[in-house]
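For reference, the chains in residue letters:
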Amino acid sequence: MAETLTCSLRTEISCKLNRLPLRFFDRNKAGEILSRVTSDLDKVAEVLQTGLLKLIVAIGTIIGSLIVMFLYSVPLTLIFLLFMLVTNMVAKKSLESAAARQETIGVLTGIAEEYYKGRNVIKAYNHEKQSIEQVRAAAEDNRIASQKADFLTNCVNPLIRLLTRIAHVVIAVIAGKAMIEGRMTVGVVQAFFQYVNQTAEPMTEASYMINSLQSAIASAERTFELLDEEEEVPDRRLR
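Residues numbered from 1 in each chain as written. Predicted model: local features only at pLDDT ≥ 70, side-chain atom pairs only at ≥ 80, totals over all residues. Heavy atoms only, no water.

A. Structural view of the side chain of Thr-104. Structurally, the position occupied by Thr-104 is in helix H6 (residues 87–117). Residue classification places Thr-104 among the buried positions, given a relative accessible area of 16%. In this structure the side chain of Thr-104 is engaged in a polar contact, spanning 3.1 Å, whose partner is the side chain of Asn-142. Residues in contact with Thr-104, not counting those within four places in the same chain, are Asp-141, Asn-142 and Ala-145. (Helix = DSSP H or I, 4+ residues; strand = E, 2+ residues; numbered from the N terminus. Buried < 20%, exposed > 50% of the residue type's maximum accessible area, 1.4 Å probe, protein only. Polar contact = N/O pair within 3.5 Å; in protein donor to acceptor, adjacent residues only side chain to side chain. Contact = heavy atoms within 4.5 Å.)

Below, the structure is given as structure tokens:
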């Protein structure tokens, strides 16, 4: 599915480029256009190939476990979910940083392609130092954006594990009180904790894959921006 989607998008982009007006190519660098067709689509295909099936399996496991947890104890399940909702803040930041990273990759690719093609012109006008500084600045922007995006993507796993452990402690205290008061049995508490442990790892994996999918979404947005560009209107007088 990932390869079919990538192939169809590249075919559409190839046809689209033949229908775009010259002002589009004057406004956008060739390297930036190239990055939308290559690196952005490669990112989409990579995430879909490696993560989509894992995400589906993880979501199915989470839904099944949560249903059983709700049957055992609604309040304890809500407490567990409350801790998991904190990761949404990280997910939102991750999407923003992923979009910024893809944008800096496009800028860097555009500058590198333009300066590589125009190397003789740059040397003739003695602009080598300025071109090196611009490439270095674009590479530094890309490094900062990539570092932030990778940090936010990879911090989801330990964050969820930390929240899961804290949730275990809170649930254990509340469940222990319920057992003392006779409102829950030891077997119910043990079964509930088994499902909590069974849900924690798939939830960690699902959150990581969702953050990875956000990087793919940011890449896909750049591709669809190209497909949404206004096309050249054919001159009817030439027919």
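B. Region of interest: helix H8 (residues 128–154). The end-to-end C-alpha distance of H8 is 38 Å, a good match for the 39 Å that 27 residues give at a rise of 1.5 Å each. Burial in H8 covers these residues: Ser-131, Ala-138, Asn-142, Ala-145, Ser-146, Ala-149, Leu-152 and Thr-153. (Expected span 1.5 Å × (residues − 1).)

C. Local environment of a nonpolar patch on the surface. The grouping of Ile-59, Ile-63, Ile-67 and Leu-71 at the surface amounts to a nonpolar patch, some 400 Å² of accessible area in total. Here Ile-63 is to be found in helix H4 (residues 39–72). On the basis of relative accessible area, Ile-63 is assigned to the partly exposed category, the value being 46%. (Patch = residues over 30% accessible without salt bridge, like charges linked within 9 Å, V, L, I, M, F, W, Y side chains within 5 Å. Areas by Shrake-Rupley, 256 points an atom, 1.4 Å probe, with all protein chains shown as cover. Salt bridge = Lys/Arg side-chain N within 4 Å of Asp/Glu carboxyl O.)

D. Local environment of the pattern of salt bridges. Applying the stated criterion across every chain, the model contains eight salt bridges. Where Glu-181 meets Arg-183, a salt bridge forms, and the shortest distance between an N and an O atom there is 2.7 Å. Shared partners join several salt bridges into a network, and the residues in it are Lys-16, Arg-19 and Glu-231.

E. Seen up close, the confidence of the model for the protein. Averaged over the protein, the pLDDT score is 80; the fraction of residues at 70 or greater is 91%. Considering each helix and strand of the protein separately, the mean pLDDT is smallest for H6, with a value of 74, and largest for H8, with 87. (pLDDT = per-residue confidence, 0-100.)

F. Examining the environment of Leu-41 more closely. Topologically, Leu-41 is positioned in helix H4. The class for Leu-41 is buried, based on a relative accessible area of 1%. Residues Leu-41 and Asn-18 lie 23 residues apart in sequence; the distance between their C-alpha atoms is 19 Å.

G. Here's a closer look at the packing of H4 against helix H5 (residues 74–84). Viewed as axis vectors pointing N to C, H4 and H5 meet at an angle of 135°, and their least axial separation amounts to 6 Å. Here H4 is positioned oblique relative to H5, judged by the angle of their axes. Residue-level inspection shows Leu-66, Met-69, Phe-70 and Tyr-72 of H4 in contact with H5, the latter providing Val-74, Thr-77, Leu-78, Phe-80 and Leu-81. When grouped by side-chain class, the residues that make up the contact of H4 with H5 number eight nonpolar, one polar and no charged. (Axes fitted to C-alpha atoms, helices over the stretch in contact; angles between N-to-C directions. Parallel < 35°, antiparallel > 145°, perpendicular 65-115°, else oblique. Nonpolar A, V, L, I, M, F, W, Y, C, P; charged D, E, K, R; others polar.)

H. Structural detail: the packing of aromatic side chains. The full count for this structure, using the stated rule, is two aromatic pairs. With centroids separated by 5.4 Å and ring planes inclined at 85°, the aromatic side chains of Phe-24 and Phe-25 adopt a geometry described as edge-to-face. Taking relative accessible area as the criterion, Phe-24 reaches 4% and is therefore assigned buried. On the basis of relative accessibility, which here comes to 34%, the residue Phe-25 falls in the partly exposed class. Here the aromatic rings of Tyr-72 and Tyr-195 are separated by 6.3 Å at their centres, their planes lie at 45°, and the arrangement is tilted. Taken as a pair, Tyr-72 in helix H4 and Tyr-195 in helix H10 (residues 186–227) lie far apart in primary sequence, 123 residues in all. Relative accessible area serves as the criterion here: at 38%, Tyr-72 is assigned to the partly exposed category. (Phe/Tyr/Trp six-rings, centres within 6.5 Å; stacked < 30°, edge-to-face > 60°.)

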